[in-house]
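Architecture and fold: a report
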Amino acid sequence: MDNETKKIINKSRLIEARIYFILLLGYFRARPIIFSFSFSDVEADYDYIKHKYFNDKETKKVNLSPATKTILINKLLKHTGFSIYKSKIDKGPLLKRLNDVVKINLEPRYVFDECLAYFGQNRIALAGYTTLQDTISTVLSNERSRIEVVLSENLTKSTKVTLLKLLESNSTFTDLAKLKKMAKDFSTSEITQELKTHKIIRSLYPEIKALITELELSPKNLEYYASLVKHKSVYKLRRHTDSQTILYLVCYLFFRYRETNDNLVSAFIYLVRKLTESAKGYAKQRIVEDVNIVRTKLKSAGSLLKYFIDTDMDDNLSFGDVRKKAFELIPADSIKLLSDHLDNNDFDGRQYEWQFIDKQSSKIKKLLRSLFMSIDIEFIHLKNELREQYTTAHLELSGCKTIKTINLDVVAKSDREYFDGDNTKLIANRFEYFLYRKAEQLFHSNNLTVRESVNNRSLTSDLIQPKEWKNKAEIIENTGLDKLVTPINQTLADKSLQLESKLKEVSDHIFSGDNKYVEFIPGKSEFKWSIPNSRWQQTIDNPLYNQIQHMGIVELMLFVDQKTGFLKSFSHISVNKEKTPVNNEDLIACILANGTNYGLYKMANISDRSMGKLRNVDDSYIRYETLRQSNDQISNTIATLPIFAYYHVDNQLFSSIDGQKFECRINTFKARYSSKYFSKGKGVSSLTLVSNHVPISTQVIG
């Protein structure tokens, strides 16, 4: 307790008032709330304060009068620099802040956390729970009303009808079910279906995008609304009001269109690469055949040369007759191969590659051209000549179905000879393939971007637009982040001081000899680095393991849940909680079914869980977000165990990243064949970050 606090306490005449102030101050520092309590409610704390600060003097545990409590509370607020929440003054600014927050994330917990942050930043004592609850309910209600108004004002009647029509069932599947079906692989049928989906959404997308802009929803909220369509059945979507259903569909189609763009880009890259590899394989095969021809026909070359010294041959014979005899001995193509070989000219593999491309021209026009024309590609990051060529080619292919403007300056000099000749159709087909092959390379180098995409968009699309950035002061203030509000020069100065402090600390450790890995040699004024090389010792089975009780995987997971509560992280996809909590055994069955690659159908067959129940739980509770939260819950609990520190390396946390291969039960765009790992099946690779043998993060890279 500092001197200033002691002065404030000593101003009170009654010891009971002094104890009450100390208790108020302690509770307020623990949590900035003005607690109303009597001494009988906090007897243990009362006795502790009396013993520590007042030598157990006799006091009367008589509750203070309301007037005295008010005086002490005012002293507390003045001492801590806080003010009490006043609805007339503070409610307006608080609602304004939360109305911006709810556009970022509409989860009540997130809004509640931001509400607490607002009270802390403005040094206001926390209001009562009921006040906070009513405030958050008002904000969420205002957001729903705002969205409904924006939808009614900015969405045309025809678009509303079209969106609601997606839920109508005229046959076995609704139109929405067809749109939700993603391509499983790069087969022609799957890509064609994805192209149809892209085309259907494309007609609605301009209005959808404009509406998304007017809604001013964050990517987090958009993703949440879209996930409702992804996880809910058509029947459940129909039960919502039309405005809610339309909102969910608009957000879903917004993401689905971007998803189709990314899928089409992946298919385009895959098909171009496969075509290029096939062309190279064809060229190698042709070269092998040419070498065999040279070897077999080289023996006949001697007979061909004898024609020039044959005395029985009439000198008056025309050269045409001589050529006929030569071609009877060796075909013209073989003679060309022999002459090239004798002239030490290598076989032209590139020519054979282009011949293969010529044979595949119909496939290029049918599939690759459809993909190239459908993807919303941006050419703004390319050099002028290449950008103009792509732009012109795009316009000509959409208009007259062929490329008429050909600028050979964009072609490498080594390849230009293959575009010579009078056959304009052949040259146009080859140049079209060249543009596709070049586009595949540009996609990998991120020089080609897609306007409406998640994985292939440019950096500028993630930045705030220049028109909006003119109000940057207001934007920064609305974030409520102190680091953004602080001037950059001050932030850099603070970071520089921190860096200097760290450098000094490291240097002191080295020169004092505390760092055993870096040794300073005074005479040479240099450092000597060393790495610890402790031999791994072979260990026998620890008897401890024999004492551990054997149990099934379900019992083990229930035991872990008792210690960590990780199953509580699996919340329902709807913001409104379910009336009946989910059965933990159903959750575990779904986790095991997906984790062991069995699938829900097999799990239902080998257990006492019903297929319908498992499917419902899987759709409503098993998501990327809930899996991540539950994994974090287990990892954080493990980190609190004493044994966790025993895995430290030199008293520091040790982490590493490693990859694993997993065979896929279903086809996805990221799944690939690998005979080494999956035999004849498909699978994916995942990178996992492991810290002290605990997996804390993972990412599937395909």
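Residues numbered from 1 in each chain as written. Predicted model: local features only at pLDDT ≥ 70, side-chain atom pairs only at ≥ 80, totals over all residues. Heavy atoms only, no water.

Further remarks concern the layout of surface pockets. To find leftover empty space, a probe the size of one water molecule is rolled over the atoms. When its volume is computed, the second largest pocket comes out at roughly 360 Å³. Surrounding the second largest pocket, 14 residues form its lining, R97, Y118, N122, E477 and N478 being those nearest its centre. Where the lining of the second largest pocket is concerned, the elements lending two or more residues are helix 5 (87–104), helix 6 (108–121), helix 21 (472–479) and helix 22 (482–485). (1 Å grid on protein atoms, 1.4 Å probe; cavity = no way out; pocket = protein on both sides within 12 Å on 5 of 7 lines; lining within 4 Å. Points joined across faces, edges and corners; volume = space filled by probe spheres on them. Helix = DSSP H or I, 4+ residues; strand = E, 2+ residues; numbered from the N terminus.)

Another aspect to go through is the nonpolar core. Generally speaking, soluble globular proteins have nonpolar side chains that are buried together. Counting residues in hydrophobic clusters, the biggest one holds 53 residues, and the most contacted among them are F119, L163, L176, Y225, L247 and L253. At the level of secondary structure, the elements contributing two or more residues to this core comprise helix 5, helix 6, helix 7 (129–154), helix 9 (175–180), helix 10 (188–215), helix 11 (219–231), helix 12 (234–238) and helix 13 (242–306). Residues within four places of Y225 in sequence aside, it is in contact with L106, I147, L217, L247, Y248 and C251. Counting residues in each nonpolar core, the second largest holds 50 residues, with V272, L275, L367 and Y436 among its members. (Core = buried A, V, L, I, M, F, W, Y, C linked by side-chain atoms within 4.5 Å. Buried < 20%, exposed > 50% of the residue type's maximum accessible area, 1.4 Å probe, protein only. Contact = heavy atoms within 4.5 Å.)

In this model, helix 17 (residues 361–374) (14 residues) spans 19 Å end to end at C-alpha, consistent with the 20 Å of a helix rising 1.5 Å per residue. A maximum bend of about 35 degrees is found in helix 17 at L368. Every buried residue belonging to helix 17 is among S361, I364, L367, L368, R369, L371, F372, M373 and S374, and all of these are buried. (Expected span 1.5 Å × (residues − 1). Bend = angle between axes of the 7 residues up to and from the residue.)

Within strand 7 (residues 682–691), seven of the 10 residues are buried, which leaves the element mostly enclosed by the surrounding structure. Relative to strand 7, strand 5 (residues 655–663) is paired through nine bridges, and the arrangement is antiparallel. Along strand 7, the bridge assignment pairs G659 with L687. Bridge count between strand 6 (residues 672–673) and strand 7: two bridges; the pairing is antiparallel. Residue pairing across strands places Y673 opposite K682, the latter belonging to strand 7. (Pairing = 2+ DSSP bridges.)

Before going further, it helps to spend a moment on the side chain of D618. Secondary-structure assignment places D618 in helix 27 (residues 611–621). It turns out D618 is buried and unbridged, and the closest side chain with the opposite charge, R615, is 7.0 Å from it. Among the polar contacts made by the side chain of D618, one reaches the side chain of N594 at a distance of 3.1 Å. (Lys, Arg positive; Asp, Glu negative; His and termini not counted. Salt bridge = Lys/Arg side-chain N within 4 Å of Asp/Glu carboxyl O. Polar contact = N/O pair within 3.5 Å; in protein donor to acceptor, adjacent residues only side chain to side chain.)

Helix 25 (residues 584–595) packs onto helix 24 (residues 553–564) with a crossing angle of 115 degrees between their chain directions and a minimal axis gap of 11 Å. Relative to helix 25, the crossing made by helix 24 is right-handed. For the pair helix 24 and helix 25, the contacting residues are I553, V554, M557, L558 and D561 in the first and N584, I588, I591 and L592 in the second. Across the contact of helix 24 with helix 25, the residue classes tally to seven nonpolar, one polar and one charged. (Axes fitted to C-alpha atoms, helices over the stretch in contact; angles between N-to-C directions. Left-handed = near helix turned anticlockwise from the far one by under 90°. Nonpolar A, V, L, I, M, F, W, Y, C, P; charged D, E, K, R; others polar.)

The next point concerns the environment of N74. Residue position: N74 is located in helix 4 (residues 66–80). Taking the relative accessible area as the measure of exposure, N74 reaches 45% and is therefore partly exposed. It is 51 Å that separates the C-alpha atoms of N74 and S655, two residues lying 581 residues apart in sequence.

This part takes up the environment of R29. Along the chain, the position of R29 falls in helix 2 (residues 15–30). Apart from the residues lying within four places of it in its own chain, the contact partners of R29 are T5 and H79.

This part covers the pattern of salt bridges. Applying the stated rule across the entire model yields 21 salt bridges. Because the salt bridges share partners, they merge into one network encompassing R350, E353, D415 and R437.

A few words now on a nonpolar patch on the surface. Nonpolar side chains collect at one region of the surface, where M551, I553, V554, L556 and F559 lie side by side and expose about 420 Å² of accessible area between them. With respect to the element layout, I553 can be found in helix 24. (Patch = residues over 30% accessible without salt bridge, like charges linked within 9 Å, V, L, I, M, F, W, Y side chains within 5 Å. Areas by Shrake-Rupley, 256 points an atom, 1.4 Å probe, with all protein chains shown as cover.)

For the structure on display, the rule yields 27 aromatic pairs. On the numbers, 5.9 Å between centres and 85 degrees between planes, the contact of F268 with Y436 is edge-to-face. In this pair, F268 sits in helix 13 while Y436 sits in helix 19 (residues 424–444), placing the two residues 168 residues apart along the sequence. Like F268, the residue Y436 is buried in the burial classification. Taken together, the ring pairs in this structure connect Y20, Y27, F35, F37, F39 and Y46 into an aromatic cluster. (Phe/Tyr/Trp six-rings, centres within 6.5 Å; stacked < 30°, edge-to-face > 60°.)

Summing up the model confidence of the protein, the mean pLDDT is 84 and the portion of residues at 70 or higher is 90%. With pLDDT under 50 throughout, residues 534–538 is counted as low confidence; its partners more than four residues away or in other chains account for zero contacts. (pLDDT = per-residue confidence, 0-100.)

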